[in-house]
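Per-entry structural report
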Amino acid sequence: GESVGLHLPTLSVQEGDNSIINCAYSNSASDYFIWYKQESGKGPQFIIDIRSNMDKRQGQRVTVLLNKTVKHLSLQIAATQPGDSAVYFCAETDNTGNQFYFGTGTSLTVIP
Amino acid sequence: GAVVSQHPSWVICKSGTSVKIECRSLDFQATTMFWYRQFPKQSLMLMATSNEGSKATYEQGVEKDKFLINHASLTLSTLTVTSAHPEDSSFYICSAIRDRRNTEAFFGQGTRLTVV
């Protein structure tokens, strides 16, 4: 579950459309997952979390889906707005909370 | 919500000098703090995990003598970049959790280090 130093994949969506951002994890022991939003020059901000005993969790305009079989996590943003433009990271940890590892991240650009 | 404050926000230093970055949990006691390094357009890379009163656990490839971490209290952890070089220039971010079992991590605003 270690982060990889690759250049960020990008996603461009039209304002008002739905966005789906994906994340894969490798550690089977990971049982707590978080999505963060990071704007330029700032620290990450919590968006939504999900535990491994759940498949889906909804927040305000956001939904996180967890597929433990294929170790895949997704973040869905409904009616994407220009203010949603940022880099989105998933993070994982196991039940010890000893490490928080981040995924590669996705740069989301919303086109007005 | 819980607040984590990081200081300074930006520091420029000469090569060979040491820089200390502070991470404070302002309204909660943090049993564990994490230090990350982030290069432009890349993800956060975990450097070390710091538990109050014990030695930090460093990730593979991170030089513990280069990046000194001290977690002296439940509200303060410091990262000291010793004998800084231009390649140490980066964005350093800390995060803190209240307890060690499945809880949200709160992030500082980050520190931009520029070594000239």
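See above for the structure.
All of the points below concern the structure found in this document. (Residues numbered from 1 in each chain as written. Chains lettered and ligands numbered in written order. Predicted model: local features only at pLDDT ≥ 70, side-chain atom pairs only at ≥ 80, totals over all residues. Heavy atoms only, no water.)

Okay, the sheet that holds strand S7 (residues 72-77) of chain A next. All names here are of chain A. As summarised here, the arrangement of the four strands in space is S2-S7-S6-S5, forming an open sheet in which the pairing is antiparallel. In the strand order of this sheet, the two ends are held by strand S2 (19-24) and strand S5 (56-58), each with one partner. Averaged over neighbouring strand pairs, the angle between their axes works out to 15 degrees when direction is ignored. (Pairing = 2+ DSSP bridges. Helix = DSSP H or I, 4+ residues; strand = E, 2+ residues; numbered from the N terminus. Axes fitted to C-alpha atoms, helices over the stretch in contact; angles between N-to-C directions.)

All names here are of chain B. Strands sit in the order S1-S3-S8-S7 across an open sheet of four strands; the sheet is antiparallel. Each edge of the open sheet is held by one strand with a lone partner, namely strand S1 (4-7) and strand S7 (67-73). Ignoring which end each strand starts from, the neighbouring axes of this sheet average 15 degrees apart. As paired elements, S7 and strand S8 (residues 76-81) share five bridges and run antiparallel to each other. If you follow leucine 68 over to S8, its bridge partner there is threonine 80.

Residue and element names in this part refer to chain B. One finds Val4, Phe28, Trp35, Leu79, Tyr92 and Leu113 to be the most contacted residues of the largest nonpolar core, which totals 25 residues. At the level of elements, strand S2 (10-13), strand S3 (19-25), strand S4 (32-38), strand S5 (44-51), S7, S8, strand S9 (90-97) and strand S11 (111-115) are the ones that each hand at least two residues to this core. Residues in contact with tyrosine 92, not counting those within four places in the same chain, are Gln6, Ile21, Tyr36, Arg37, Met47, Phe67, Leu79, Gly110, Thr111 and Leu113. (Core = buried A, V, L, I, M, F, W, Y, C linked by side-chain atoms within 4.5 Å. Buried < 20%, exposed > 50% of the residue type's maximum accessible area, 1.4 Å probe, protein only. Contact = heavy atoms within 4.5 Å.)

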